[in-house]
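Structural characterization, general
Okay, here's what each chain looks like letter by letter:
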Amino acid sequence: MKKNIVMPRLREEMRSGVLCAWLKEEGEAYQKGEPIFEIETDKVVNQVEAAADGVMLRQLVEEGDEVPAEAAVAEVEE
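These lines cover the structure that appears in this document, whether it is placed above or below. (Residues numbered from 1 in each chain as written. Predicted model: local features only at pLDDT ≥ 70, side-chain atom pairs only at ≥ 80, totals over all residues. Heavy atoms only, no water.)

Remarks on the overall build of the chain
If you tally the helices and strands in the chain, you get zero helices and eight strands. Starting at the N terminus, the α and β elements of the chain follow one another as β-β-β-β-β-β-β-β. If you line up the chain on its principal axes, its C-alpha atoms span 30 × 20 × 20 Å. In the chain, buried positions account for 32% of the 78 residues. Relative to all contacts within the chain whose residues are 6 or more apart in sequence, the contacts with residues 24 or more apart total 57%. Of the roughly 4,700 Å² of accessible surface on the chain, 46% is carried by carbon and sulfur atoms. Measuring between centres, the 9 positive side-chain charges of the chain sit 5 Å from its 19 negative side-chain charges. (Helix = DSSP H or I, 4+ residues; strand = E, 2+ residues; numbered from the N terminus. Buried < 20%, exposed > 50% of the residue type's maximum accessible area, 1.4 Å probe, protein only. Contact = heavy atoms within 4.5 Å. Areas by Shrake-Rupley, 256 points an atom, 1.4 Å probe, with all protein chains shown as cover. Lys, Arg positive; Asp, Glu negative; His and termini not counted. Charge placed at Lys NZ, Arg CZ, Asp CG, Glu CD.)

Shown next as structure tokens:
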């Protein structure tokens, strides 16, 4: 099933974050709990882990882009 992964809201006041690095490339499979990208907020870098097994279909933002909280960053197949 195709699904969008969104920029997580790590705390209530978070409005956006910078997608620092993709840890999975398009077409690459990943397992639940495996980190798939990194985000920076207030100079802290956090890894975002997969909620389920899947395949990265399409990255919707580039590394270095500032992304609003809860906006789609990738399309995946779960």
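As for the sheet that holds strand β8 (residues 72-77)
Strands sit in the order β1-β8-β6-β3 across an open sheet of four strands; the sheet is antiparallel. Because the sheet does not close on itself, it has two edges, and the strands there are β1 (2-6) and β3 (29-30). As defined by bridge partners, strand β6 (residues 54-59) adjoins β8 across four bridges and the pair is classed as antiparallel. Considered in β8, the bridge of Q59 is made with A74. (Pairing = 2+ DSSP bridges.)

Details of the side chain of T41
In this structure, T41 sits in strand β4 (residues 35-41). Setting aside anything within four residues of it in sequence, one finds T41 in contact with L10, R11, M14, S16, G17 and N46.

A closer look at the nonpolar core
Counting 17 residues, the largest nonpolar core has I5, W22, F37 and V73 as its most contacted members. For this core, the secondary structure elements donating two or more residues are β2 (16-22), β4 and β8. When neighbours within four sequence positions are excluded, V73 is seen to be in contact with I5, V6, M7, L19, W22, F37, Q59, L60, V61 and V67. (Core = buried A, V, L, I, M, F, W, Y, C linked by side-chain atoms within 4.5 Å.)

Description of the pairing of β8
In the sheet, β1 pairs with β8 via five bridges, with the strands oriented antiparallel. From the neighbouring strand, K2 faces β8, where its bridge partner is E77.

Focus: the pattern of salt bridges
Taken as a whole, this structure holds seven salt bridges when the rule is applied. The salt bridge involving E13 is made with R11; its shortest N-O contact spans 2.8 Å. Given the relative accessible area of 28%, R11 is considered partly exposed. Between R11 and D42 there is a salt bridge whose closest N-O contact spans 2.3 Å. Residue R11 is found in the loop between β1 and β2, and its partner D42 is found in the loop between β4 and β5 (44-49); the two are separated by 31 residues along the sequence. (Salt bridge = Lys/Arg side-chain N within 4 Å of Asp/Glu carboxyl O.)

Function cannot be inferred from these measures alone, as they are strictly geometric.
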